[in-house]
Amino acid sequence: MKYQVEKQDAGVSIRIENVAGQEQVLLEAIRNCRQGAWACQSGECVNIGEMAERVDDGRVVLTLTPKPGAHVDPAGIEVCLRYMLGSREKMTGE
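Residues numbered from 1 in each chain as written. Predicted model: local features only at pLDDT ≥ 70, side-chain atom pairs only at ≥ 80, totals over all residues. Heavy atoms only, no water.

1. A word on the environment of Gln 4
Within the fold, Gln 4 resides in strand β1 (residues 2-8). Distance in space between the C-alpha atoms of Gln 4 and Glu 17 is 8.6 Å, their sequence separation being 13 residues. Within the local environment of Gln 4, its side chain forms a polar contact with the side chain of Glu 6, the two groups lying 3.4 Å apart. (Helix = DSSP H or I, 4+ residues; strand = E, 2+ residues; numbered from the N terminus. Polar contact = N/O pair within 3.5 Å; in protein donor to acceptor, adjacent residues only side chain to side chain.)

2. Quick notes on the pattern of salt bridges
Counted by the stated rule, this structure contains six salt bridges. A salt bridge links Glu 17 to Arg 59, with the nearest nitrogen and oxygen atoms 3.1 Å apart. Separated by 42 residues along the polypeptide, Glu 17 in strand β2 (residues 11-17) and Arg 59 in the loop between β3 (48-55) and β4 (60-66) bring together distant segments of the chain. Given a relative accessible area of 15%, Glu 17 falls into the buried group. A salt bridge links Arg 59 to Asp 56, with the nearest nitrogen and oxygen atoms 3.4 Å apart. For Asp 56, a relative accessible area of 34% translates into the label partly exposed. Through salt bridges with shared partners, one network takes in Arg 15, Glu 17, Asp 56 and Arg 59. (Salt bridge = Lys/Arg side-chain N within 4 Å of Asp/Glu carboxyl O. Buried < 20%, exposed > 50% of the residue type's maximum accessible area, 1.4 Å probe, protein only.)

3. What about helix α2 (residues 74-85)?
Counted at 1.5 Å a residue, the expected span for α2 with its twelve residues is 16 Å, and the 16 Å between its end C-alpha atoms agrees. Listed in full, the buried residues belonging to α2 are Pro 74, Gly 76, Ile 77, Glu 78, Cys 80, Leu 81 and Leu 85. Looking at the residues trailing α2, positive phi occurs at Gly 86, about 75 degrees. (Expected span 1.5 Å × (residues − 1).)

4. What to know about the nonpolar core
Ile 14, Ile 16, Leu 64, Ile 77 and Leu 81 are the most contacted members of the largest nonpolar core, which totals 20 residues. Looking at this core, the element that brings in the most residues is α2, giving four residues. In contact with Ile 14, other than residues within four places in its own chain, are Gln 4, Val 5, Val 60, Val 61, Leu 62, Leu 64, Ile 77 and Leu 81. (Core = buried A, V, L, I, M, F, W, Y, C linked by side-chain atoms within 4.5 Å. Contact = heavy atoms within 4.5 Å.)

5. Focus on empty space enclosed by the protein
Under the criterion given, the structure shown has one cavity of 30 Å³ or more. Quantified by volume, the largest cavity comes out at close to 150 Å³. What lines the largest cavity is a set of 13 residues, among which Ile 14, Ile 30, Cys 45, Cys 80 and Leu 81 lie closest to the centre. When residues of the lining of the largest cavity are traced back to their parent elements, those giving at least two are α1 (23-35), β3, β4 and α2. With four residues, α2 is the largest single contributor of residues to the lining of the largest cavity. Looking at side-chain class alone, the lining of the largest cavity contains twelve nonpolar, no polar and one charged residues. (1 Å grid on protein atoms, 1.4 Å probe; cavity = no way out; pocket = protein on both sides within 12 Å on 5 of 7 lines; lining within 4 Å. Points joined across faces, edges and corners; volume = space filled by probe spheres on them. Nonpolar A, V, L, I, M, F, W, Y, C, P; charged D, E, K, R; others polar.)

This is the structure in structure tokens:
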């Protein structure tokens, strides 16, 4: 499993690759993590207003939009992902 987090307009885009057959389980875990944001190491989830989800060919793509007046920090989101996904491989240079 590889992932990439990048700033996009006012929000953050996340792409998680190589999850064929695990997409729905992964999405459910991310949804549950957002609901229990108090447990997140960075606390960044509390700034997320909306999360758009797309599953495509063994890949999960998320677009995070901040709450009004808030800012979603890609570095903070990456801390959350590392915690949630464990020691997964980050994509670089893509």
